[in-house]
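# Remarks on the overall topology
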Amino acid sequence: MALNGKVTVRVLVVEDDPDVGGFVCQGLREHGYAVDWVSDGKLGLDYASSGVHDVLILDRMLPGLDGLELLRKVRAKGISTPVLFLTGRSSVAERIEGLDAGADDYLVKPFSFAELLARIRVVLRRGAEATPTVLQVADLRLDPAARVVERAGRRIDLSSKQFALLEYLMRHAGQVVSRTMILEHVWDFDFDGLTNVVEVHINRLRNKVDRDFDRPLIQTLRGVGYVLREE
C-alpha cells in the first residue's frame, strides 16, 4: 500500500481508550497508513523499541507505563522516531513537560482528525530532513523523494510495494533482516505470517534489480533472512 504515491508510512498508536484508539487507527488506515495499536504502556515500549515505525502517537495516561516515561525510555535507547502526544492532559505545563521529554508535537483531546493528519505530515517531514535523500549500494541507487531506482544508470520500474521493500533493504544494507522484520515494516504486524508474500516480492524484486547484472546484491541466508550488500 502506498501513501499518496510514496512509501507506506508505519504508525504505532499507544492508546488505552478503545473508542479513541479504534477511531484513530481506522482513520489512519483509510488514509493509507500501516498502523499498529497497543493499549498498554509496557507493550507500547516493546513495539516502539523495534525501531520499525515512522511515527509514534502516544497517550499520556496509560496502564503499565505512562506515556511520558515511555517516551523517555524510547529516547534513552537512542530511538529518534518522531513522537506526537495525543492526550487529554492539556495544561501549558504538561505540554512543555511532554515536549521537553522528547516529543515532536502535542495534540490535545478532543481533536480534529484532519489536524492530526496534518501534524503527522509535519513531523514526518522534519524526520525526513535528517535522512539521506539518496540511498546507494554499489551501482544500485534509490531516490525516495523522486521515487526513482537505477542500477548502473539504467532506470528500474518498481511497484509501490517493491519500492518499499527495496528501500527497507537499502536502509539496512549489510544487515540481515528476517522475514518477520520485513512483514512488520513493509506490511502490518497483523499481516498473516503464514503467507509467502515476502518470498514472492523478494523474487520479483530480484528479477528487476539483479537478473540482468553481473553482481547479485539481494542475498538469501537460508533459515535466517535476507541481506542487501555488495560482495
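The structure reproduced in this document is the subject of the present report. Note that this is a predicted model, so its numbers are computed, not measured.

To continue, consider helix H1 (residues 18–30). With 13 residues, H1 extends 18 Å between its outermost C-alpha atoms, agreeing within 8% with the 18 Å of an ideal straight helix rising 1.5 Å per residue. Where H1 begins, one side-chain oxygen reaches toward the backbone nitrogen of aspartate 19, 2.9 Å away; that side chain belongs to aspartate 17. Positioned one or two residues after H1, glycine 32 has a phi angle of 95 degrees, which is positive.

Glancing now at helix H3 (residues 67–76). Those residues of H3 that sit buried are Gly67, Leu68, Leu70, Leu71 and Val74. The buried residues of H3 occupy an angular sector of 160 degrees when the element is viewed end-on, so they sit on one face. Tucked into the core, H3 has its buried residues touching strand E1 (10–14), helix H2 (41–49), strand E3 (55–58), strand E4 (83–87) and helix H4 (92–100). Measuring from the backbone nitrogen of leucine 68 back to the side-chain oxygen at the start of H3 gives 2.9 Å, which picks out aspartate 66 as the cap. Looking one or two residues beyond H3, the residue adopting positive phi is glycine 78, at roughly 85 degrees.

According to the stated counting rule, one finds 17 salt bridges in the structure shown. A salt bridge links lysine 109 to aspartate 59, with the nearest nitrogen and oxygen atoms 3.6 Å apart. Placement of lysine 109 in the loop between strand E5 (105–108) and helix H5 (113–128) and of aspartate 59 in the loop between E3 and H3 is noted, with a sequence separation of 50 residues between them. Given a relative accessible area of 5%, aspartate 59 falls into the buried group. The partner of arginine 179 in a salt bridge is glutamate 199, with the nearest N and O atoms 3.0 Å apart. In this pair, arginine 179 is assigned in helix H7 (residues 179–186) and glutamate 199 in helix H8 (residues 197–209), connecting sequence segments 20 residues apart. A residue is classified by how much of its surface remains accessible, and arginine 179, at 21% relative accessible area, is partly exposed.

Okay, the pairing of strand E7 (residues 140–143) next. Sheet topology places strand E6 (residues 135–137) next to E7; three bridges connect them, and they run antiparallel. Bridging from a neighbouring strand, leucine 135 pairs with leucine 142 of E7. In sequence, E6 turns back onto E7 through a hairpin of two residues, with alanine 138 there showing a positive phi of about 55 degrees. The sheet contact formed by E7 and strand E8 (residues 148–151) spans four bridges and is antiparallel.

Here strand E2 (residues 34–38) lies mainly inside the structure; four of its five residues are buried. Where E1 meets E2, five bridges bridge the pair, whose relative direction is parallel. Along E2, the bridge assignment pairs valine 13 with tryptophan 37. Crossover handedness for the path E1 to H1 to E2: right-handed.

Turning to the sheet that holds E4, a few remarks are in order. Within the open sheet, the five strands sit side by side as E2-E1-E3-E4-E5. Their pairing is parallel. Each edge of the open sheet is held by one strand with a lone partner, namely E2 and E5. Each adjacent strand pair in this sheet contributes to an overall mean axis angle of 20 degrees, direction not counted. Bridge analysis of E1 against E3 gives four bridges, and the strand direction is parallel. Bridge pairing in E3 places valine 14 opposite leucine 58. Packed onto the sheet, H3 meets E1, E3 and E4 and runs at close to 175 degrees relative to E4.

About the criteria used
- Residues numbered from 1 in each chain as written.
- Predicted model: local features only at pLDDT ≥ 70, side-chain atom pairs only at ≥ 80, totals over all residues.
- Heavy atoms only, no water.
- Helix = DSSP H or I, 4+ residues; strand = E, 2+ residues; numbered from the N terminus.
- Expected span 1.5 Å × (residues − 1).
- Polar contact = N/O pair within 3.5 Å; in protein donor to acceptor, adjacent residues only side chain to side chain.
- Buried < 20%, exposed > 50% of the residue type's maximum accessible area, 1.4 Å probe, protein only.
- Arc of directions from axis to C-beta.
- Contact = heavy atoms within 4.5 Å.
- Salt bridge = Lys/Arg side-chain N within 4 Å of Asp/Glu carboxyl O.
- Pairing = 2+ DSSP bridges.
- Right-handed = clockwise from strand over helix to strand, strands pointing away.
- Axes fitted to C-alpha atoms, helices over the stretch in contact; angles between N-to-C directions.

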